[in-house]
Amino acid sequence: MSAPPTAAAHRGLRRFRAPAPPPPERCELCGIELAGRHRHLVDTRNRGLACACPPCALLFERAGAAGGQFRTVPDRFLSDPDHRLDDAVWDRLRIPVGVAFLLDNTALGRAVALYPSPAGATESELEPSAWQAVLDATRLAGLLAPDVEALLLRRTEDRIECHLIPVDLAYELTGRLRMLWRGFDGGAEARAALADFFADVARRARAPHEEARRP
C-alpha cells in the first residue's frame, strides 16, 4: 500500500486542478438562478442596480410597485442627430473626458452627471443651469425616464453625440473602461471598446419621432 500524499504533495496538485466556476447569478428579489443576460432594476432609495428575472422585471414595470423603490430598466435606445449641444454647453458640464452620462435622480432630487475614469463612474458636480442647458439642447430630454435611463454624451472632433440609453448599460460601460484604462487618456484598448459601444448604440437606436409613434 502506498503512503498517503503529504501536505506538500497536496499543494503541488492544486496547480493541476481546474479553478472552481463562479457561483451562478441569481435574481436579487426572488433568488431564482439567472441564465445569460438578464434585466436590471434600479433601487431608487439606495442608488443601486439589482439583477432581476423576467417575472420580477415585469412586475416592477408597473408604476408604484413596491412603493416605487424598485423600477425596471427599460430596453430602448434613442438618438437625436439634430440636437444643439455645443462646446460652450459641454464646458459648463465640467467633464474632464470626452464621454459623460446624465440622469435625473429622484432620491437626490437633482440631476447627476457621471463620467468614466480609472476609478469607475465618477460623479461631477452639476449646476442646475448646466443641466437645463443640456435639456434645452435635445428632444431626448422630454422622453428621459428618471432613474432608469441616461442621456449619453460623447464629444468628438467635429460634434457632440447625444443618445438616450438604459442606465445599466451606462454603468456597464464605465466598468469596462475602468478595467481597460491605461495611462492618462485611457489608452488604445479603452478607446476601441468605447468606439464599439457607440457603434452598437447607433445600430440599435431610433430617432425621437419614431418613439413618439409607438403605441
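Residues numbered from 1 in each chain as written. Predicted model: local features only at pLDDT ≥ 70, side-chain atom pairs only at ≥ 80, totals over all residues. Heavy atoms only, no water.

## A closer look at the sheet that holds strand β5 (residues 99-105)
A sheet is described by the order of its strands in space; here six strands give the open sequence β4-β9-β8-β5-β6-β7, paired in antiparallel fashion. Looking at which strands have only one partner, the edges of the open sheet turn out to be β4 (78-79) and β7 (120-124). Looking at chain direction, strand β6 (residues 110-117) and β7 are connected through five bridges and run antiparallel. Looking across to β7, one finds that L114 is bridged to E123. Taken strand by strand, helix α4 (residues 128-137) contacts β5, β6 and β8 (149-155), and its axis lies near 100° from that of β5. (Pairing = 2+ DSSP bridges. Helix = DSSP H or I, 4+ residues; strand = E, 2+ residues; numbered from the N terminus. Contact = heavy atoms within 4.5 Å. Axes fitted to C-alpha atoms, helices over the stretch in contact; angles between N-to-C directions.)

## Concerning the pattern of salt bridges
Counted according to the given criterion, the structure contains 16 salt bridges. Between R155 and D91 there is a salt bridge; the shortest N-O distance is 3.7 Å. Here R155, found in strand β8, pairs with D91, found in helix α3 (residues 87-93); they are 64 residues apart in sequence, far enough to count as distant. Taken together, the shared-partner salt bridges connect D75, D200, R203 and R204 into one network. (Salt bridge = Lys/Arg side-chain N within 4 Å of Asp/Glu carboxyl O.)

## Focus: unusual backbone geometry
Of note in this structure, R47 is not a glycine but carries a positive phi near 55°. Looking at the element boundaries, R47 is found in the loop between β1 (39-43) and β2 (48-52). Unusually for a residue other than glycine, D147 sits at a positive phi of about 75°. Along the chain, D147 falls in the loop between α4 and β8. Under the relative-accessibility criterion, D147 is labelled buried at 5%. (Buried < 20%, exposed > 50% of the residue type's maximum accessible area, 1.4 Å probe, protein only.)

## Describing the pairing of β2
Across a regular strand the side chains alternate sides, sitting on one face of the sheet and then on the other. Bridge analysis of β1 against β2 gives five bridges, and the strand direction is antiparallel. Paired with V42 across the two strands is L49, which belongs to β2. Between the end of β1 and the start of β2, which pair antiparallel, lie four residues, with R47 showing a positive phi angle near 55°.

## Things to note about the packing of aromatic side chains
Per the stated rule, a full pass over the model turns up three aromatic pairs. Judged by centre distance (5.2 Å) and plane angle (80°), the rings of F101 and Y171 are edge-to-face. Residue F101 is found in strand β5, and its partner Y171 is found in helix α5 (residues 167-180); the two are separated by 70 residues along the sequence. A residue is classified by how much of its surface remains accessible, and F101, at 2% relative accessible area, is buried. Note on F197 and F198: the rings are 5.9 Å apart at their centroids and 80° apart in plane angle, and the pair reads as edge-to-face. Pair check on accessibility: F197 and F198 agree, each one buried. One cation-aromatic arrangement involves R154 over F198; the distance from NZ or CZ to the ring centre is 4.7 Å. (Phe/Tyr/Trp six-rings, centres within 6.5 Å; stacked < 30°, edge-to-face > 60°. Lys NZ or Arg CZ within 6 Å of the ring centre and 35° of its normal.)

## Quick notes on the pairing of β6
Where burial is concerned, most of β6 is hidden: seven out of the eight residues are buried. Of the strand pairs in this sheet, β5 and β6 are connected by five bridges, and their pairing is antiparallel. Counted as the bridge partner of D104 is A111 from β6. Once β6 ends, the chain turns through two residues before running back antiparallel as β7.

## Comments concerning helix α6 (residues 187-204)
The first and last C-alpha atoms of α6 sit 26 Å apart over 18 residues, in line with the 26 Å expected at 1.5 Å per residue. Buried residues along α6 sit in contact with β5, β8, β9 (160-166) and α5. (Expected span 1.5 Å × (residues − 1).)

## Concerning the sheet that holds β1
One open sheet accounts for three strands, arranged β2-β1-β3; its pairing is antiparallel. Unpaired on one side and paired on the other, β2 and β3 (70-72) mark the two borders of the sheet. On average, each strand axis in the sheet is inclined to that of its neighbour by 35°, with strand direction left out of account. Direction of pairing for β1 relative to β3: antiparallel, over a ladder of three bridges. Along β3, the bridge assignment pairs L41 with T72.

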